[in-house]
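One letter stands for each residue in the lines below.
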Amino acid sequence: SFYHWLFAHTTSEIELKTAPADFRFPTTNQTRHCFTRYIEFHRCLAAKGENSGECERFAKYYRSLCPGEWVERWNEQRENGTFPGPL
Amino acid sequence: MGLLSCFRSTVLRKCSKGSSGMSRFLYTNNFQRNLISSGGNESYYGYFNRRSYTSLYMGTGTVGGITSARIRVPNVGCEGFMCSSHLSITQRNSRLIHSTSKIVPNSEIQNITTEMVKTPEVSRWMDQVIPTIAPCDAAEPWQLGFQDAATPIMQGIIDLHHDIFFFVIQIGVFVSWVLLRALWHFRSKMNPIPQRIVHGTTIEILWTIFPSVILMFIAIPSFALLYSMDDIVVDPAITIKAIGHQWYWTYEYSDYNNSDEQSLAFDSYMIPEDDLELGQLRLLEVDNRVVVPAKTHLRVIITSADVLHSWAVPSLGVKCDAVPGRLNQISTFIQREGVYYGQCSEICGTNHAFMPIVIEAVSTKDYGSWVSSQVN
């Protein structure tokens, strides 16, 4: 259809890539995997600074693995200083 | 094994063998209507609508709430199901996703009655003459066998079941024969004075070793299949998060987000029976489908926001509990394009039966088009 043709040519490419499998978490339970990816991202920010582009990779990892509500709650806890993880 | 296959194909009728799409449509159409009524005024074609199913089942003679008129798609100048405007909104969305499909007029029957996989051009021309045999990717009434496999895991499960069933039939017949012979030959008329047999060393050894050997022959392929399901060695291409709620599923695609606020997320509610259109399945259709590419490694992360649910799709051979506060991961690889139906498989409250799962496997290019249309 015309609508689909128009949309297909104006949008950017979609890259099929996601967080890779981690051998630290080989089982079905991936709760710690999500938690660890989130902590790794914020440790990278603390080490390399907010404007560094090297931490974006870790951000994509935890966004792929963690539900949105969890990330929202953790962001709120970090702002309040009550986040339980070792940042 | 050939005898068992003959037995299976005659008694356990599979819809991919003797059932055409038309008869499936007739099955669907024969269900009772007006069993479930929804009290909301929203149209299920809305993108982020929420609906309460607390008064789904209306008893006989109960004066329920006021049921408002539902929004219907107008069928102007349309007769029967030969008209393309009879396609539902979801199937029109499917057509938008399947950008390269060329639908000829007679294929409307097949698209309305079943969710067909795409067929080559020559075979599609043949389908206009010969009734199409549709894959069985949704539950049929009184179905006894499996739904057709779409993943290697489900194919392995079906093969394992057939192999073990061979042993089960043999053991069942043998044990029944031994039991009936004992009941006959040791009945009281023939043996007024019962014998006092205390112990037999030889038969004790025999009936301990032989079952162990049989169990070993059953366990070897079973464990091989079980450990092949844990395929974390393959990096997936897509991660989908399925979040269970009372009583709907929320799906998140977060691989394409550039910030925490941006999100490709949608709720997937069951279409009530009163709103079903021609050819849609009862208690199985949803307003927003999970769209995934076929022939691609997927990772589905399953969790819950309130109580236990279970994300189960029989054609894919997956069933995984949704536990609040825990992320369970399953890996799957869908081998053919199609629409696969599942249901919540953990009792989660009053409307546990009304939170179905629909997965639509499309080509990679169509999936990219779908993501582009959703993200922007």
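Residues numbered from 1 in each chain as written. Chains lettered and ligands numbered in written order. Predicted model: local features only at pLDDT ≥ 70, side-chain atom pairs only at ≥ 80, totals over all residues. Heavy atoms only, no water.

(A) Broad picture of the overall build of chain A. Helix and strand content of chain A: 4 helices and 0 strands. Helices and strands in chain A line up, N terminus first, as α-α-α-α. Counting every position in chain A, which comprises 87 residues, the buried fraction comes to 40%. Counting only contacts in chain A whose residues sit at least 6 apart along the sequence, the fraction spanning at least 24 positions is 52%. Total accessible area on chain A stands at roughly 5,500 Å², and carbon and sulfur atoms take up 52% of it. (Helix = DSSP H or I, 4+ residues; strand = E, 2+ residues; numbered from the N terminus. Buried < 20%, exposed > 50% of the residue type's maximum accessible area, 1.4 Å probe, protein only. Contact = heavy atoms within 4.5 Å. Areas by Shrake-Rupley, 256 points an atom, 1.4 Å probe, with all protein chains shown as cover.)

(B) Focus on the overall build of chain B. Of the regular secondary structure elements, chain B holds 9 helices and 10 strands. Contacts spanning at least 24 positions in sequence make up 66% of the contacts within chain B whose residues lie at least 6 apart. For chain B, the exposed area adds up to about 20,100 Å²; of that, 63% sits on carbon and sulfur atoms.

(C) Region of the structure containing the pattern of salt bridges. Counted by the stated rule, this structure contains 12 salt bridges over all chains. In this structure, K48(A) engages E54(A) in a salt bridge whose closest nitrogen and oxygen atoms are separated by 3.8 Å. Residue classification places K48(A) among the partly exposed residues on the basis of a relative accessible area of 43%. Overall, E54(A) belongs to the partly exposed group, its relative accessible area being 48%. In this structure, the salt-bridge partner of R282(B) is E273(B), at a minimum N-O distance of 3.3 Å. Take R282(B): its relative accessible area is 25%, and that puts it in the partly exposed class. What emerges from the salt-bridge pattern is a single network uniting D22(A), R24(A), R37(A) and E40(A). (Salt bridge = Lys/Arg side-chain N within 4 Å of Asp/Glu carboxyl O.)

(D) Here's a closer look at the nonpolar core. Counting 37 residues, the largest nonpolar core has Y253(B) and W311(B) as the members making the most contacts within it. In terms of residue count, strand β10 (residues 356–362) of chain B provides more of this core than any other element does, 4 residues in total. With residues near it in sequence (within four places) discarded, W311(B) still touches A242(B), W249(B), Y251(B), V300(B), I302(B), V318(B), K319(B), C320(B), I330(B), I357(B) and I359(B). With 21 residues, the next largest nonpolar core counts Y38(A), C44(A), C55(A) and L327(B) among its residues. (Core = buried A, V, L, I, M, F, W, Y, C linked by side-chain atoms within 4.5 Å.)

(E) Examining the sheet that holds strand β5 (residues 297–304) of chain B more closely. Residues and elements named next belong to chain B. Pairing is mixed across the open sheet formed by 5 strands, whose spatial order is β3-β2-β1-β5-β8. Strand pairing shows two members of the sheet lacking a second neighbour, β3 (264–268) and β8 (328–333), which therefore form its edges. With strand direction ignored, the average angle separating the axes of adjacent strands in the sheet is 25°. (Pairing = 2+ DSSP bridges. Axes fitted to C-alpha atoms, helices over the stretch in contact; angles between N-to-C directions.)

(F) Representation of the pairing of strand β1 (residues 238–245) of chain B in the model. Residue and element names in this part refer to chain B. The element β1 is extensively covered by neighbouring structure, given that 8 of its 8 residues are classed as buried. Neither face of β1 is left uncovered, since the one carrying I238, I240, A242 and G244 and the one carrying T239, K241, I243 and H245 both have all their residues buried. Where β1 lies against β5, 7 bridges are found, and the strand directions are parallel. Each bridged residue has a counterpart across the sheet, and for I238 the counterpart in β5 is L298. In this structure, β1 lies alongside strand β2 (residues 248–253), joined through 5 bridges in antiparallel fashion. Residue pairing across strands places K241 opposite E252, the latter belonging to β2. Where β1 folds back on β2, the antiparallel hairpin that results is connected by 2 residues.

(G) Representation of helix α7 (residues 152–185) of chain B within the structure. With 34 residues, α7(B) should cover 50 Å at 1.5 Å per step; its first-to-last C-alpha distance of 49 Å lies within 8% of that length. Among the residues of α7(B), those classed as buried are I153(B), M154(B), G156(B), I158(B), L160(B) and H162(B). (Expected span 1.5 Å × (residues − 1).)

(H) Representation of the interface of chain B and chain A in the model. Each side of the interface is counted separately: chain B has 36 residues, and chain A has 34 residues. Carbon and sulfur atoms supply 57% of the area that chain B and chain A bury against each other, a total of about 2,900 Å² over both sides. Put simply, chain B and chain A have 0 salt bridges between them. Where chain B meets chain A, there are 14 residue pairs in polar contact (both at pLDDT 80 or more). Those elements that provide at least two residues to the side of chain B that touches chain A are β1, β5, β8 and α9 (364–375) of chain B. Examining the composition of the side of chain B that touches chain A, we find that 7 residues originate from one element, α9(B), more than from any other. In the side of chain B that touches chain A, the residues fall into 12 nonpolar, 17 polar and 7 charged. (Buried area = accessible area lost by both parts, 1.4 Å probe. Polar contact = N/O pair within 3.5 Å; in protein donor to acceptor, adjacent residues only side chain to side chain. Nonpolar A, V, L, I, M, F, W, Y, C, P; charged D, E, K, R; others polar.)

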